[in-house]
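Spelled out from the first residue to the last, the chains are:
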Amino acid sequence: MKMISTRDAAKVGWSYKDVLLAGLAPDGGLYVPSEYPQLSRAELETLKSAPYLDIAYAVKKKLIGGDIPDEELRRMVEQAYSESSFGAAEGGNIVPLVKVEEDFYVQQLSLGPTAAFKDMAMQQLGQEMDYELKRRGEHLTILGATSGDTGSAAEAAFKGLGTVTLFMLSPEAGMSAFQKAQMGMLSGGNIFNISVRGRFDDCQDLVKELKGEEEFSKLGAVNSINWGRISSQVPYFVSGYLQAAARVGDPVDFVVPSGNFGDMLSGYIAKQMGVPIRRLIVATNENTVLDKLFRTGVYELASAQVTSSPSMDISKASNYERLAFDVLRRDAAALTKYMKEFESKKCVDLKDYGASADDFAALGFSSDSSTHANRLQAIRDVYKKCKYVIDPHTADAVSVGFREKKQDSVPMVCMGTALPVKFEDTIQEALGFIPERSARFKDLEKALPENAFHVIDIDAEQLRQYIRANA
Ligand SMILES: *Cc1c(COP(=O)(O)O)cnc(C)c1O
């Protein structure tokens, strides 16, 4: 398996292990496989009733292409998706489907330690990075910024790993008490939580500033463009397909609530690998950058507004570049020009590059968006139909899914990306009550230890000093 950069016309090539610890490629592009490995019908058949560990192992093995020894990969998958992290799942299925009505399902991706789907990728990434760092005899200091789900998922995955020290910036105001407690409880050892007296953008700017400096240029990242994360999300699409399809070979549609386009991209990769997925439906909230893109072929930056599905409040979708590369027939020179035009004009049209929204449709894509009112309605509808409570991000997918469901018997699977316990205010607004919390989340907010966050001003010097003192 050779990895190439979307912006490298010479197609130089790296190994999976090379790109695991990297963010952007040296030329500013994103890493993609030189070709998509294939899962045959026979292979899908053998996985049909296999536990998730076997599916994750088989799919990652294809995507890693022999670059990590099989027994090491097996050990990592077992560690990442262990019972202690995901609970004792029925038949080893940690990504089960909830049947809402005939041929309509929600796939639960949020049974991991921090109750959001980001655990699925982060748990595996933590194991793979630890393996690679040990092999190289290196230690990595990671500096990240979070507005919510990513920070706690990364901390839960990297906690206690001897090869990594993690510094995570978050805004002092803006995160929920629940999210703060989830992170604060993980402070200590190799995890450092830093609270910035500012907003999420200020945190991101501080990260950018330090990484641009010689002393801190080697700091690692765990953001959603990391190929290790994207590739670790493919297995749950394979599992969702196998659970929903009556027979291997039957078509299944997926609806994915999208922000940075990481989750949806992994579904696209599953389809490219030969999983018989029919439609890939992108669901956005009021931040409709992606919805417009898939309808019109015009990719236009927009300032993000705050919504009740906050993890999808984005102004651009970083992982889209990987799909654009395929739509532009893997022409790195054209892709580079396309992305540069987007970066300078904040808007670019596929039509100027010999492609159009029809090319998305040909690959199975379509899109739609939802509003706060739509989400509340979807939460109520699902509760009424099957007594299951979905979170506001899952509600974006379900709302779009109900509208897009064709009058045929092709199963539709909506990705369930968080547990409702993380967003109780919206659940209260929709249902008029809040479901009782499971034991592990009871009084979580009260468990926030004192001094769990080191507080700094929006001041790079304070950050430098803290990292120097603790790295
Ligand atoms: C991150 C996140 C999303 C969006 O996923 P992308 O991969 O960025 O498209 C959706 N829902 C929840 C709960 C998330 O945390």
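A quick note: this is a predicted structure, and the numbers were derived from the prediction, not measured. (Residues numbered from 1 in each chain as written. Predicted model: local features only at pLDDT ≥ 70, side-chain atom pairs only at ≥ 80, totals over all residues. Heavy atoms only, no water.)

Novice: So what about the overall build of the protein? Which residues, and what values?
Specialist: Of the regular secondary structure elements, the protein holds 19 helices and 14 strands. Here the C-alpha radius of gyration of the protein, 21 Å, is about what a compact globule of 471 residues would show, namely 23 Å. Taking all 471 residues of the protein together, the buried fraction comes to 59%. Considering only contacts in the protein between residues 6 or more positions apart, those separated by 24 or more positions represent 75%. For the protein, the exposed surface amounts to about 18,300 Å²; the carbon and sulfur share of it is 49%. Computed over 54 positive and 64 negative side-chain charges, the separation of the two mean positions in the protein equals 2 Å. (Helix = DSSP H or I, 4+ residues; strand = E, 2+ residues; numbered from the N terminus. Rg over C-alpha atoms; globule rule 2.2 N^0.38 Å. Buried < 20%, exposed > 50% of the residue type's maximum accessible area, 1.4 Å probe, protein only. Contact = heavy atoms within 4.5 Å. Areas by Shrake-Rupley, 256 points an atom, 1.4 Å probe, with all protein chains shown as cover. Lys, Arg positive; Asp, Glu negative; His and termini not counted. Charge placed at Lys NZ, Arg CZ, Asp CG, Glu CD.)

Novice: Explain the pattern of salt bridges to me, using residue names and the numbers behind them.
Specialist: In the structure shown here, the tally under the stated rule is 39 salt bridges. Here Arg247 and Asp250 are joined by a salt bridge, their closest N and O atoms 3.7 Å apart. Counted as one network, the salt bridges with shared partners bring together Glu209, Glu213, Glu215, Glu461, Arg464 and Arg468. (Salt bridge = Lys/Arg side-chain N within 4 Å of Asp/Glu carboxyl O.)

Novice: Give a description of the sheet that holds strand β13 (residues 412–416) that names residues and reports values.
Specialist: The pairing of strands in a sheet happens through backbone hydrogen bonds and is either parallel or antiparallel. As summarised here, the arrangement of the 6 strands in space is β3-β4-β13-β8-β9-β12, forming an open sheet in which the pairing is mixed. Both outer strands of the open sheet, β3 (97–101) and β12 (365–369), are each paired with one neighbouring strand and no more. Averaged over all adjacent pairs, the angle separating strand axes in this sheet is 25°, with direction ignored. Strand direction decides the pairing type here: β3 and strand β4 (residues 104–108), joined by 4 bridges, are antiparallel. Directly across from Leu97, in β4, lies its bridge partner Gln107. Relative to the sheet, helix α10 (residues 227–244) contacts β3, β4, β8 (252–257) and β13, its axis offset from that of β8 by approximately 135°. Packing of helix α17 (residues 392–404) onto the sheet brings it into contact with β3, β4, β8, β9 (277–284), β12 and β13, and relative to β13 it is tilted by some 165°. (Pairing = 2+ DSSP bridges. Axes fitted to C-alpha atoms, helices over the stretch in contact; angles between N-to-C directions.)

Novice: Give me the nonpolar core: which residues, what numbers.
Specialist: Phe158, Phe261, Tyr320 and Tyr338 are the most contacted members of the largest nonpolar core, which totals 108 residues. The biggest single contributor to this core is α10, with 9 residues. If we skip the residues at most four places from it in the chain, Phe261 touches Val282, Leu290, Phe294, Ala317, Asn319, Tyr320, Leu323 and Phe365. Val100, Phe104, Ile379 and Ile427 belong to the second-largest nonpolar core, a separate cluster that totals 22 residues. (Core = buried A, V, L, I, M, F, W, Y, C linked by side-chain atoms within 4.5 Å.)

Novice: Go over helix α6 (residues 118–136) with me, naming the residues and quoting the values.
Specialist: Residues lying three or four places apart along an α-helix face the same way, a consequence of the helix completing one turn every 3.6 residues. The end-to-end C-alpha distance of α6, which contains 19 residues, comes to 27 Å, matching closely the 27 Å that a straight helix rising 1.5 Å per residue would cover. Across the 19 residues of α6, 16 count as buried, placing the element largely inside the fold. Immediately beyond the C-terminal end of α6, within one or two residues, lies Gly137, with a positive phi of roughly 70°. (Expected span 1.5 Å × (residues − 1).)

Novice: Which residues make up the side chain of Lys422, and what values do they have?
Specialist: With respect to the helices and strands, the residue Lys422 is situated in the loop between β13 and α18 (424–431). Polar contacts involving the side chain of Lys422 include one to the side chain of Gln182, which spans 3.4 Å. For Lys422, the contacting residues outside a window of four places in its chain are Thr114, Ala115, Ala116, Asp149, Ser152, Phe178 and Gln182. (Polar contact = N/O pair within 3.5 Å; in protein donor to acceptor, adjacent residues only side chain to side chain.)

Novice: So what's going on with empty space enclosed by the protein? Which residues, and what values?
Specialist: The tally for this structure, following the rule as stated, stands at 1 cavity of 30 Å³ or more. Counted as a void, the largest cavity has a volume near 50 Å³. Forming the boundary of the largest cavity are Val106, Gln108, Leu109, Ser110, Tyr388, Ile390, Asp391, Thr394, Gly416, Ala418 and Leu419. (1 Å grid on protein atoms, 1.4 Å probe; cavity = no way out; pocket = protein on both sides within 12 Å on 5 of 7 lines; lining within 4 Å. Points joined across faces, edges and corners; volume = space filled by probe spheres on them.)

Novice: Tell me about the site of the ligand, residues and numbers included.
Specialist: Looking at the ligand, there are 15 residues lining it, with Lys118, Asp149, Gly259, Asn260 and Thr417 nearest. Contacts to the ligand include Gly259, whose backbone N or O atom sits 2.8 Å from an oxygen atom. At a separation of 2.8 Å, an oxygen atom of the ligand approaches a polar backbone atom of Asn260. Taken by itself the ligand offers 380 Å² of open surface, and the protein chains cover 96% of this. In the shell around the ligand, the residues fall into 5 nonpolar, 7 polar and 3 charged. (Near = heavy atom within 4 Å. Nonpolar A, V, L, I, M, F, W, Y, C, P; charged D, E, K, R; others polar.)

Novice: Describe in detail the sheet that holds strand β14 (residues 453–456), supporting the description with residues and values.
Specialist: Strand order in the open sheet made by the 4 strands is β5-β6-β7-β14, with parallel pairing throughout. Of all the strands in the sheet, just β5 (140–145) and β14 have a single pairing partner and so form its edges. For this sheet the average axis-to-axis angle between neighbouring strands, irrespective of direction, equals 25°. Examined bridge by bridge, strand β7 (residues 191–196) and β14 share 4 bridges and lie parallel to one another. Among the inter-strand pairings, Asn193 is bridged to a residue of β14, identified as Phe453.

Novice: Go over the environment of His393, please, and point to the residues and values.
Specialist: Following the sequence through the fold, His393 ends up in helix α17. What makes His393 buried here is its relative accessible area of 3%. Note: C-alpha distance between His393 and Ala116 (277 residues apart in sequence) is 10 Å. Among all residues touching His393, those that are not within four sequence positions of it are Pro257, Ser309, Pro310, Ser311, Met312, Thr417 and Phe423. A polar contact is formed between the side chain of His393 and the side chain of Asp391, at a distance of 2.7 Å.

Novice: Requested: an account of the layout of surface pockets, with residues and values cited.
Specialist: Estimates place the volume of the second largest pocket at around 280 Å³. Around the second largest pocket sit 14 residues that line it, and Leu419, Pro420, Val421, Pro435 and Glu436 are the ones nearest its centre. Looking at the lining of the second largest pocket residue by residue, the class counts come to 9 nonpolar, 2 polar and 3 charged.

Novice: Requested: an account of the pairing of strand β6 (residues 164–171), with residues and values cited.
Specialist: Within a regular strand, side chains alternate between the sheet's two faces. Among the 8 residues that make up β6, 8 are buried, leaving the element largely enclosed by the rest of the structure. Residues Val164, Leu166, Met168 and Ser170 line one face of β6 and the alternating positions Thr165, Phe167, Leu169 and Pro171 line the opposite face, and both faces are buried. Across 6 bridges, β5 lies against β6 in parallel orientation. Paired with Thr141 across the bridge in β6 is Thr165. As judged from the 6 bridges shared by β6 and β7, these two strands associate in the parallel manner. Its bridge partner being in β7, Ser170 is matched across the sheet by Ser195. In this fold, the crossover linking β6 to β7 by way of helix α8 (residues 177–184) has right-handed handedness. (Right-handed = clockwise from strand over helix to strand, strands pointing away.)

Honestly, it's all geometry; don't read function into it.
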